[in-house]
Amino acid sequence: MATSISNAYEDTNIHPNNTIPLDFGSVLQLPESHVWTDDDDSGIGRRTCLARQPGAVAASPPVIDLRAPDAMWLVGDACRRWGVFQVTNHGVPHDLVEDVEEHARRLFKLPNDQKLKALRAPNGVTGYGVPRFSPFFPKLMWHEGFTIAGSAMEHAKLLWPHHYEEFCDAMDKYKQKMKSLAYNILLVMLKALGVDEEDREKLSSSFLCQSDGALQLNSYPCCPNPSQAIGLAPHTDSLLITILHQNDTNGLQIMQEGVGWVPIRPTPGALVVNIGNLMHILSNGAFHNMYHRVVPNETSHRFTIGYFYGPPADSVLAPLPKLPGPPRFRAVTVKEYIGLKNKHLEKGLSFIQL
Ligand SMILES: C=C1C[C@]23C[C@H]1CC[C@H]2[C@@]12CCC[C@@](C)(C(=O)O1)[C@H]2[C@@H]3C(=O)O
Ligand SMILES: O=C(O)CCC(=O)C(=O)O
Ligand SMILES: [Fe+2]
């Protein structure tokens, strides 16, 4: 039977995740379990920012109209320079995005004991819980999430026994829209890498047409002491690309070497697109492997919806042929790579470097 992207994540947890999210509504101050200090690898101490000339406008990743005539060039430049950009004119209906965000708010507003009924299994993918990579860190993140790999129905029934359909329908509709948008963005990226039509056809039939994605609903509640907390610890995403809707609350930051943490401010109607490890490998390192984190805030609840797009677990990935320079990575199956990432986190990539 054909594999899917979620097969790459099942049973690859080296560190089973038995932690449950804090009941955020019940705490008035930051619990010790959630206090991060400079050496907790949260990047909290890494506030290095070059002194900018007064009045200099800080550079930030571009907002690209996907229907603009020079979209392909802009996407390629952003992938090389930043590894992230925002897109408008993406074709995902605004009311669908709003509807999915409203369902996420409804889910996270449920009482803590109700949410825990849909807890993700320690070696599972779908369900409610702390970030999957939490076991790598000594402290807990100011975050609760709900992952949907495949159907959400089983877990949604636990949350809303009598009316789970509307949640599942909205998520399915959104996933379908994300899948076609991600496919189109991947084709633009391949063109930007100089891959000719014949090779694009081959890649499309070999793994792109079978690629799909998982949804991650993220909630970062208001935090009593945000300077000592972290919403999501610094990381890179593992798959090809991530497409992220963020509500109107800031929090996402990317690490720009030599500058420090650069905010990606929400642009109404835009979606954030970032390069994952598999796209970094496919581009032979040309597209930047974007390191990012989320910082919480005191007064506004941040919600985001991430769509993680990748090929089936048994797909073999390697740097595309005909790219300039010698290959920098060996061939790897998606399942093997995810296994390396789940065991070694960011060091996983070094195991396939040539
Ligand atoms: C399909 C995916 C992609 C996941 C796992 C699963 C669902 C949630 C994604 C994240 C989201 C938070 C960072 C990360 C590193 C994490 O721990 O969970 C991501 C991970 C990956 O990019 O590998
Ligand atoms: O919520 C955000 O702003 C970013 C989420 C993220 O990086 C992730 O889910 O991988
Ligand atoms: Fe991420």
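The structure presented is a predicted model; accordingly, all values stated were derived computationally and were not measured. (Residues numbered from 1 in each chain as written. Chains lettered and ligands numbered in written order. Predicted model: local features only at pLDDT ≥ 70, side-chain atom pairs only at ≥ 80, totals over all residues. Heavy atoms only, no water.)

(A) Region of the structure containing the sheet that holds strand β8 (residues 252-256). Taken in spatial order, the four strands line up as β6-β11-β8-β9 in an open sheet, and their pairing is antiparallel. Only two strands of the sheet have a single partner each, and these edge strands are β6 (232-235) and β9 (260-263). Looking at each pair of strands side by side, their axes are set apart by 25° on average, direction ignored. Pairing geometry for β6 and strand β11 (residues 292-294), over two bridges, is antiparallel. From the neighbouring strand, L232 faces β11, where its bridge partner is V294. (Pairing = 2+ DSSP bridges. Helix = DSSP H or I, 4+ residues; strand = E, 2+ residues; numbered from the N terminus. Axes fitted to C-alpha atoms, helices over the stretch in contact; angles between N-to-C directions.)

(B) How the structure looks around the site of ligand 1. Every residue lining ligand 1 is accounted for by Y9, R132, F133, T147, A214, Q216, H235, D237, S238, L239 and F308. At 2.7 Å, a side-chain N or O of Y9 approaches an oxygen atom of ligand 1. Residue F133 places a main-chain N or O atom 3.1 Å away from an oxygen atom belonging to ligand 1. Against a free-state accessible area of 450 Å², the protein chains account for coverage of 94% of ligand 1. A class-by-class count of the residues in the shell around ligand 1 yields five nonpolar, four polar and two charged. (Near = heavy atom within 4 Å. Polar contact = N/O pair within 3.5 Å; in protein donor to acceptor, adjacent residues only side chain to side chain. Areas by Shrake-Rupley, 256 points an atom, 1.4 Å probe, with all protein chains shown as cover. Nonpolar A, V, L, I, M, F, W, Y, C, P; charged D, E, K, R; others polar.)

(C) Quick look at the coordination of the iron ion (ligand 3). In the first shell of the iron ion (ligand 3), the protein supplies H235 (NE2), D237 (OD) and H292 (NE2), at 2.1 to 2.2 Å from the metal. Linear spacing of the donor residues for the iron ion (ligand 3) on their chain is H-x1-D-x54-H. With D237 in the loop between β6 and β7 (241-246) and H292 in strand β11, this pair connects stretches of sequence that are 55 residues apart. For the pair shown, D237 and H292 are each scored as buried. (Donors = N, O, S within 2.8 Å, 3.2 Å for Na, K, Ca; no water. Buried < 20%, exposed > 50% of the residue type's maximum accessible area, 1.4 Å probe, protein only.)

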